[in-house]
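Working through the structure, step by step
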Amino acid sequence: MNDSTDTNPYSGLPDTAFWRTAVAAHNPLEISGLWVPEFAILPKHRVVTAGSCFAQHFSRALRARGYNWLDAEPAPDLLTEEQARSFNYGIFSTRTGNIYTARMLRQWLELALGEADPEDAAWTEVWETEGRFQDPLRPVIEPGGFLSRDELFSARAATLAALRRAVRRADVFVFTMGLTESWRNLQTGAEYALCPGTAGGVFDPDRHQFCNQRYPEIHRDMTVALDLLRAANPGLKVLLTVSPVPLTATASGQHVLTATSYSKSVLRAVAGDLAADRDGVDYFPSYEIITHPAFRGMFYASNQRSVVAKGVDHVMESFFAAQQAHFPQPARQGIKPPPAEERSARAVKCEEEMLDAFAR
Amino acid sequence: MPLQDNPSICVFGDSHIACVKRAVDDGHVDIPADRLEFWGASGPDFRGIHLRGGRLKPMTEEARAQVQMISASGRDSLGAGDFDAFLFVGSRLRSHSYIVPMLWRARDEAGYLSQAVRDAVLDRWLTGCRAYRAARAFAATGKSRVFFSPASFMNDQIMDEKTIARTINQEASASARADLWNGVAQRMGRDGVTLIAQPEQTVTRGCLTKIDYASERAVEMRDPVHKNGAYGALILEQLFLQLESEAVGSQPRADTPADTPTEA
């Protein structure tokens, strides 16, 4: 007869299955094995990033490491990086601005992929203030607002085209889920990126409705969004994350701390279930790395909300380490230096041109 | 119509001024000016010319040598009052860096830019160019008229077709080009600088320069950049037309109050 410790289901599990060996025995920065990636994300893969503000860290980290982050709506080359960022270029793969909720992602994808009519009243609302126009789907995308309605919709059409292109060309779509709370137009059902009256528009209690989305609705919206992505690009992999950044404010009537717990818990549960149930959908635990008590709050700034650079770095290091551990890649070679020969050849042409014309 | 007063003119720039020199040497154009001088340095050495104390000065040995070769009068520096008019040619302000990518964007459904972004791009193109800042500084003194002819589009038949397909909007229309040039002219105008745009008759395939206007050895040297005397002549003709119209405009008309005696 075997010893019961040799036969129970836990007896053969790895160290990561046990709190003592996986967590308690380690310095927090040495906790590892949190993520077993379902698919490889290699430097050659075209990666699209979208979602709440934490998603932009993915964009930056991928670019910094020479990964093929897809900038589907690039800023004009002449702009400085600072200028480009001021116009919200280069932050996400397209100029959608933050996409905080599953419904917002669904809306953007439905508009981009032809599932929604952009002429419908839901999508033709604009917020006008003193002759400037804001897009309710991304009110802070254009500093100071757009010059006209035409300009607003032309710019949105460009972003939708870029999003369509990004989805079709990408290998991996990274989406960071941010919030459950949102505001919608009561008549049209369109969801706003921000509450009217906060960063644009005028709040009207008869037209604007608060929604604190629950698991079934978020799961449904995400399912529709994932189906749209797959229909547009059957080979597309999706990596879900949940933003560890707490709510700035809640309109739920709860304390902002418990509202944050509710919001993040629901998003985390949806992300986990989608990853478990759907092929080609994975969940990366950036949320846990930042928020879990095992990390002792060390990655938050003193306001207990902002994530410090060290935290972002640790998240991304964990991401790349897990990828390398499960899909080992040879060390990358440095970037080729600019073609000096070509430059000097151009210089020779310039000098010869001058000599021909002026040498006496 | 002759100029009211034949002005003195300085053509300033990098190797792009060679086409203007050729236009003069080859007699492509009559010069209605008392004095036409050239001043500058070729590409790499052009970077050694800086604005110091309101004067353009060669700050490196190489730039000094180039200036010495180019300036017939041996002028070792250049200030706003030295000539009635300055024509900046090329001078690292490249149409290829602004007009061409803007036309390329226009063909892309995701390429739309808001006016604020377009303004920022244009501003950066101009003010990011040291020579343009010098032109602006000269104009601000009010001592001279300042004209700027940016480096023209790349020569056709020199660049490889793959690069052209990837970067050149070959369908770009004359009106699309005109819209962009008008924007440049207005923006330069705010700085007191007058644009001399690439003449439309020299353009082919959206935003390339016809090979007829390429420098004589362009094909042999695989040189997509430099132009010939015929191109330089067109630039000078535009300059003279501008100066002429301004001279005419500055003459008091018979039916204006300025013509009325102010003393009884």
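Refer to the structure presented above.
Everything in this summary refers to the structure shown in the same document. Computed from a predicted model, the values in this text were never measured in an experiment.

This paragraph deals with the overall build of chain B. Check the secondary structure of chain B and you find ten helices and ten strands. What you see for chain B is a C-alpha radius of gyration of 19 Å, in line with the 18 Å of a compact globule of 264 residues. Projected onto its principal axes, the C-alpha coordinates of chain B cover approximately 70 × 45 × 35 Å. The buried share of chain B, taken over its 264 residues, is 52%.

Here we come to the overall build of chain A. In terms of regular secondary structure, chain A is built from eleven helices and ten strands. Taken along the three principal axes of its C-alpha coordinates, chain A extends 105 × 60 × 45 Å. Counting all 360 residues of chain A, 49% fall into the buried class. Expressed as a percentage of contacts within chain A between residues at least 6 apart in sequence, the contacts between residues at least 24 apart total 70%. Accessible surface, chain A as shown: approximately 17,300 Å² in total, 52% of it carbon and sulfur.

As a further point, take the state of the cysteines. On inspection of all chains with the given rule, the structure shows zero disulfides over all chains. With no disulfide of its own, cysteine 10 of chain B lies 15 Å from the sulfur of cysteine 19 of chain B, the closest cysteine sulfur.

Before going further, it helps to spend a moment on the interface of chain A and chain B. Taken together, the contact between chain A and chain B spans 35 residues of the former and 43 residues of the latter. Roughly 3,100 Å² is buried in total at the junction of chain A and chain B, and carbon and sulfur atoms are behind 63% of that figure. Interface area lost by chain A to chain B is led by Leu78, Met354 and Phe358 of chain A, which between them contribute 23%. Remark: the boundary between chain A and chain B carries five salt bridges. Across the pair aspartate 356 of chain A and arginine 22 of chain B runs a salt bridge whose closest N-O atoms are separated by 3.9 Å. Going through the elements one at a time, α6 (149-169) and α11 (340-358) of chain A are the ones with two or more residues in the side of chain A that touches chain B. Looking at the side of chain A that touches chain B element by element, the count peaks at eleven residues for α11 of chain A.

Okay, the environment of serine 77 of chain B next. Residue and element names in this part refer to chain B. Tracing the backbone through its elements, the reader meets serine 77 in the loop between α3 (61-70) and β5 (78-79). In the structure, serine 77 is positioned 22 residues away from arginine 55 in sequence and 6.3 Å away in space, judged by C-alpha atoms. Leaving out residues up to four positions away in the same chain, serine 77 has contacts with Trp39, Arg55, Leu56, Lys57 and Asp82. In terms of polar contacts, serine 77 uses its side chain to reach the side chain of arginine 55, at 2.8 Å.

Looking now at the environment of threonine 80 of chain A. All names here are of chain A. Note that threonine 80 resides in the loop between β2 (68-69) and α4 (81-86). In this structure, the C-alpha to C-alpha distance between threonine 80 and leucine 257, residues 177 residues apart in sequence, is 39 Å. Of note is the side chain of threonine 80, whose polar atom sits 2.9 Å from the backbone nitrogen of glutamine 83.

We now examine the packing of aromatic side chains. Tallying each qualifying case throughout the model produces 23 aromatic pairs over all chains. Aromatic side chains phenylalanine 319 of chain A and phenylalanine 320 of chain A sit 5.1 Å apart centroid to centroid with 85° between the ring planes, which places their arrangement in the edge-to-face category. The exposure class of phenylalanine 319 of chain A is buried, given its relative accessible area of 1%. Measuring from ring centre to ring centre gives 6.1 Å for phenylalanine 12 of chain B and tryptophan 39 of chain B, while their planes differ by 25°; the resulting arrangement is stacked. Note that phenylalanine 12 of chain B is positioned in strand β1 (residues 8-13) and tryptophan 39 of chain B in strand β2 (residues 35-40), a separation of 27 residues in sequence. When sorted by exposure, phenylalanine 12 of chain B lands in the same class as tryptophan 39 of chain B, which is buried.

Oppositely charged side chains can form a pair if their charged atoms are brought close together. Per the counting criterion, the structure on display carries 33 salt bridges over all chains. Close ionic contact of arginine 217 of chain B with aspartate 356 of chain A constitutes a salt bridge, the shortest N to O distance being 3.5 Å. Residue arginine 217 of chain B is located in the loop between β10 (208-209) and α9 (218-221), and its partner aspartate 356 of chain A is located in helix α11; the two belong to separate chains. Between aspartate 82 of chain B and arginine 55 of chain B there is a salt bridge, with its nearest N and O atoms 2.6 Å apart. Residue aspartate 82 of chain B is located in the loop between β5 and β6 (85-94), and its partner arginine 55 of chain B is located in strand β4 (residues 55-58); the two are separated by 27 residues in the primary sequence. A single salt-bridge network, built from bridges that share partners, covers Arg103, Arg106, Glu110, Arg184, Glu191, Glu217 and Asp221 of chain A.

Scoring rules and cut-offs
Residues numbered from 1 in each chain as written. Chains lettered and ligands numbered in written order. Predicted model: local features only at pLDDT ≥ 70, side-chain atom pairs only at ≥ 80, totals over all residues. Heavy atoms only, no water. Helix = DSSP H or I, 4+ residues; strand = E, 2+ residues; numbered from the N terminus. Rg over C-alpha atoms; globule rule 2.2 N^0.38 Å. Buried < 20%, exposed > 50% of the residue type's maximum accessible area, 1.4 Å probe, protein only. Contact = heavy atoms within 4.5 Å. Areas by Shrake-Rupley, 256 points an atom, 1.4 Å probe, with all protein chains shown as cover. Disulfide = S-S within 2.5 Å. Buried area = accessible area lost by both parts, 1.4 Å probe. Salt bridge = Lys/Arg side-chain N within 4 Å of Asp/Glu carboxyl O. Polar contact = N/O pair within 3.5 Å; in protein donor to acceptor, adjacent residues only side chain to side chain. Phe/Tyr/Trp six-rings, centres within 6.5 Å; stacked < 30°, edge-to-face > 60°.

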